[in-house]
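A structural walkthrough
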Amino acid sequence: MTNLTQTGIALSYDDLAALFVKLGSSLAPNYLHGSICGVLAAGKRMAQDDWLDWALDQMAPTQEVEETHVTILQGLYFKALTEFEDPGLSFSLLLPDEDTPMLDRLFALSEWTGSFLGAFGAAGTVQETSDMPATIQEILEDLAEIAQVDAQSGEELENAEEDYLAIAEHVKVSAITVYLEYNEPPAAENPETVVH
């Protein structure tokens, strides 16, 4: 569904998953992407070294992390941030592509959503649910339900491509909405003066 193109690197979800396995991590790329999106949506930013430490702490790799791996992980952070800041709303979820069995895609979406919620909550931007606008409360409640997908509900959707795509779109729009609520828009560049 998504390619990573930051810093000239183009990796598919499958390539990232293979890299995680190569590093001896049992973490899925969708989980890590959901987590960083949750942190960013809460209005938090990380220095490159802090992000790397945070990502590796979640991944718990058992193999040596090389410089190229570091570049890819940093690219994942900047991809999420750049897409969130894009006025053209280019933000996308990092999920397995359509060749992946529906049940696996649904669980990946559920896991992305759960990690987004967990990281958003852990960021500490909002201390009490009552401090949130009603719209954001509703969005987070919806996301919490999506994060609870189990095998039975997954099987019901197993062949429902349109339903899955609608849910994924809902999660995407919800993440953008939460981000816009807790982040200042990037400063607009001054347009160049045109002389006629």
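Residues numbered from 1 in each chain as written. Predicted model: local features only at pLDDT ≥ 70, side-chain atom pairs only at ≥ 80, totals over all residues. Heavy atoms only, no water.

1. Notes on the packing of helix H5 (residues 102-122) against helix H8 (residues 161-182)
Formally: All axes are obtained by fitting lines to C-alpha atoms, using only the stretch in contact for helices, and the reported angles, taken between N-to-C directions, cover 0 to 180 degrees. Only DSSP runs of H or I reaching four residues or more are called helices, and only runs of E reaching two or more are called strands; each is numbered from the N terminus. Between 65 and 115 degrees an angle is taken as roughly perpendicular, under 35 as roughly parallel, over 145 as roughly antiparallel, and anywhere else as oblique. Take the far helix as your reference; a near helix turned counterclockwise from it by less than a right angle gives a left-handed crossing, and one turned clockwise gives a right-handed crossing. Residue contacts are counted whenever heavy atoms from the two residues lie within 4.5 Å of one another. Here the term charged refers only to Asp, Glu, Lys and Arg, the term nonpolar to Ala, Val, Leu, Ile, Met, Phe, Trp, Tyr, Cys and Pro, and the term polar to all other amino acids, Gly among them.
Where H5 contacts H8, the axes come no closer than 11 Å and their chain directions differ by 15°. Relative to H8, the element H5 is oriented roughly parallel. Considering how the two elements wind past one another, H5 and H8 form a crossing that is left-handed. Counting all contacts with H5, which are made through Met102, Arg105, Leu106, Leu109, Trp112, Thr113, Phe116 and Phe120, the residues of H8 involved are Glu161, Tyr164, Leu165, Ile167, Ala168, Val171, Ala175, Val178 and Tyr182. For the contact of H5 with H8, a count of residues per class yields 14 nonpolar, one polar and two charged.

2. Observations concerning helix H3 (residues 48-59)
We count it as follows: Expected span, for any helix, means 1.5 Å times one less than how many residues it has. The classification of residues rests on relative accessible area computed with a 1.4 Å probe and restricted to protein chains. Under 20% of the type maximum is buried, over 50% is exposed, and intermediate values are partly exposed. The directions from the helix axis to the C-beta atoms form the arc being described.
For H3, with 12 residues, the first-to-last C-alpha span of 16 Å sits near the 16 Å given by 1.5 Å per residue. Within the sequence span of H3, burial applies to Trp51, Leu52, Ala55 and Met59. Down the axis of H3, the buried set is contained in an arc of 100°. They therefore lie on one face. Away from its buried face by more than 90 degrees, H3 exposes Asp49, Asp53 and Asp57. Positioned one or two residues after H3, alanine 60 has a phi angle of 50°, which is positive.

3. Thoughts on the environment of leucine 94
Note that leucine 94 resides in the loop between helix H4 (67-85) and H5. By relative accessible area, which is 1% here, leucine 94 ends up buried. Residues leucine 94 and histidine 33 lie 61 residues apart in sequence; the distance between their C-alpha atoms is 6.5 Å.

4. Digging into the environment of valine 126
Examined against the element boundaries, valine 126 turns out to sit in the loop between H5 and helix H6 (134-146). Through-space distance from the C-alpha of valine 126 to that of alanine 42 is 8.2 Å; in sequence the pair is 84 residues apart. With residues up to four places along the chain from it excluded, the contact list for valine 126 reads Phe120, Asp131, Met132 and Tyr182.

5. Structural notes on the packing of aromatic side chains
For clarity, the cut-off: Geometry of aromatic contacts follows a simple scheme: Phe, Tyr and Trp rings, the Trp one being its six-membered ring, pair when their centres are within 6.5 Å, and the pair is stacked under 30 degrees between planes, edge-to-face over 60, tilted otherwise.
If you walk through the whole model with that rule in mind, you get nine aromatic pairs. Look at phenylalanine 120 and tyrosine 182: their rings are 5.6 Å apart centre to centre, the planes differ by 55°, and that puts the pair in the tilted class. Of the two residues, phenylalanine 120 sits in helix H5 while tyrosine 182 sits in helix H8, which places them 62 residues apart along the sequence. Assigned by exposure class, phenylalanine 120 and tyrosine 182 land together as buried. A connected cluster of aromatic rings, assembled from ring pairs, spans Phe84, Phe91, Trp112, Phe116, Phe120, Tyr179 and Tyr182.

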